[in-house]
Amino acid sequence: MSSIRWQHNDPNIYLYVNSRWYRYDATSYPVGEGAMGIVYLGFDCATNDKVAVKMLRREYWNDIQIRNRLKLEASIVLNHPHIIRMIGYCEDSSGDGPLYVLSEYICGVTFKEHVLQQLTYLNTSTEERFNKIVSEFIPVLGAVGHLHSYGVIHRDIKPMNLMFQDGYMLKLMDLGIAKADYFFDAHLKGFIGSRPFAAPEQIVADDVEAIIDKRADIYALGVTLSYLLADHFPLQKTDKVPAALADIIATATEKDPDFRYQSTDEMQDALDIYLADYASKRYFHGKQTLT
């Protein structure tokens, strides 16, 4: 049975993935585009639930390395509320034709858009707004830590890849360049990532394989938090970010991985302590004001 089907006078392409049929309208306008694929809105044929259908661009159909990258992305199926749920992939039986990767459909705004649209105009102090951002950022650490527990390094953490689904559920997106040693195409040469969020050890010559571990994601988390707070990295004194919070970002983004937080748990512990200290100071300030 072919995993990709279409019929005359039917605009839908039917995809058989993990024992279920899905469909998307090939004449519809894409809902997103990337360097390697075009994303369409699709549907589960049995339930009509929405799914995202990423189609490999035609110019890469014969590129085995890129095909393998998409298969790796589809294989990262982890049950975590803050990580996009991958469904799987299907491809043309020839092995050098169309290839599709299916995932849950996320409709929302990026973390940066969320900050600009919903948090910038809060009737609170600057420090309270910063703390709100930190509180909403903490689930990202849990999601990345979950990836790490399965031997997966994201390699492309940035505000654009953090989305709020329906305005409240934060999702870590885009596993397209993730590194997983269990996968047969894990070792690629040259720089892989997004500047300026990439750790120094990711930035190598085209003929060199970057030697990285989970601490590269720690670096990206630190840079991402800096961008969410101040829209740039590194932080500056004029940003008025509390010193304790700036120190956490500085530790996460140390050039030498040995001087960074060694796990997402360590970074989360530091942020939890920061928030608890702030809450304690605010409580006691309030008590003093009332007496």
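Here the structure is a predicted model, which means the values were calculated and not measured. (Residues numbered from 1 in each chain as written. Predicted model: local features only at pLDDT ≥ 70, side-chain atom pairs only at ≥ 80, totals over all residues. Heavy atoms only, no water.)

Enquirer: Any details on the pairing of strand β3 (residues 20-25)? Residues and values, ideally.
Expert: Pairing geometry for strand β2 (residues 12-17) and β3, over 6 bridges, is antiparallel. If you follow Asn12 over to β3, its bridge partner there is Asp25. Between β2 and β3, which pair antiparallel in sequence order, lie 2 residues; one of them, Asn18, sits at a positive phi of approximately 50°. Examined bridge by bridge, β3 and strand β5 (residues 37-44) share 3 bridges and lie antiparallel to one another. Across the sheet, residue Arg23 finds its bridge partner in β5, namely Phe43. (Pairing = 2+ DSSP bridges. Helix = DSSP H or I, 4+ residues; strand = E, 2+ residues; numbered from the N terminus.)

Enquirer: So what's going on with the packing of helix α3 (residues 126-149) against helix α4 (residues 215-230)? Residues and values would help.
Expert: One can describe the packing of α3 onto α4 by two numbers: an axis separation of 11 Å at closest approach and a directional angle of 160°. Taken together, the axis directions place α3 and α4 in an arrangement best described as roughly antiparallel. As α3 packs across α4, the resulting crossing turns out to be right-handed. Touching Phe130, Ile133, Val134, Phe137, Val140, Leu141, Val144 and His148 of α3 are Asp217, Leu221, Thr224, Leu225, Leu228 and Leu229, all from α4. For the contact of α3 with α4, the class distribution of residues is 11 nonpolar, 2 polar and 1 charged. (Axes fitted to C-alpha atoms, helices over the stretch in contact; angles between N-to-C directions. Parallel < 35°, antiparallel > 145°, perpendicular 65-115°, else oblique. Left-handed = near helix turned anticlockwise from the far one by under 90°. Contact = heavy atoms within 4.5 Å. Nonpolar A, V, L, I, M, F, W, Y, C, P; charged D, E, K, R; others polar.)

Enquirer: How would you summarise the side chain of Lys158 if you had to cite specific residues and measurements?
Expert: Note that Lys158 resides in the loop between β10 (152-153) and β11 (162-165). Looking at Lys158, its side chain comes within polar contact range of the side chain of Ser194, at 2.9 Å. Residue contacts for Lys158: discarding those within four places in its chain leaves Ser194, Phe197 and Thr224. (Polar contact = N/O pair within 3.5 Å; in protein donor to acceptor, adjacent residues only side chain to side chain.)

Enquirer: Tell me about the packing of aromatic side chains, and name the residues and values.
Expert: In this structure the tally under the stated criterion is 7 aromatic pairs. Taken together, a centroid distance of 5.0 Å and an interplanar angle of 45° make the contact between Phe197 and Tyr227 tilted. Taken as a pair, Phe197 in the loop between β13 (179-180) and α4 and Tyr227 in helix α4 lie far apart in primary sequence, 30 residues in all. Three or more aromatic residues joined by ring pairs make a cluster, and in this case those are Tyr24, Tyr40 and Tyr100. (Phe/Tyr/Trp six-rings, centres within 6.5 Å; stacked < 30°, edge-to-face > 60°.)

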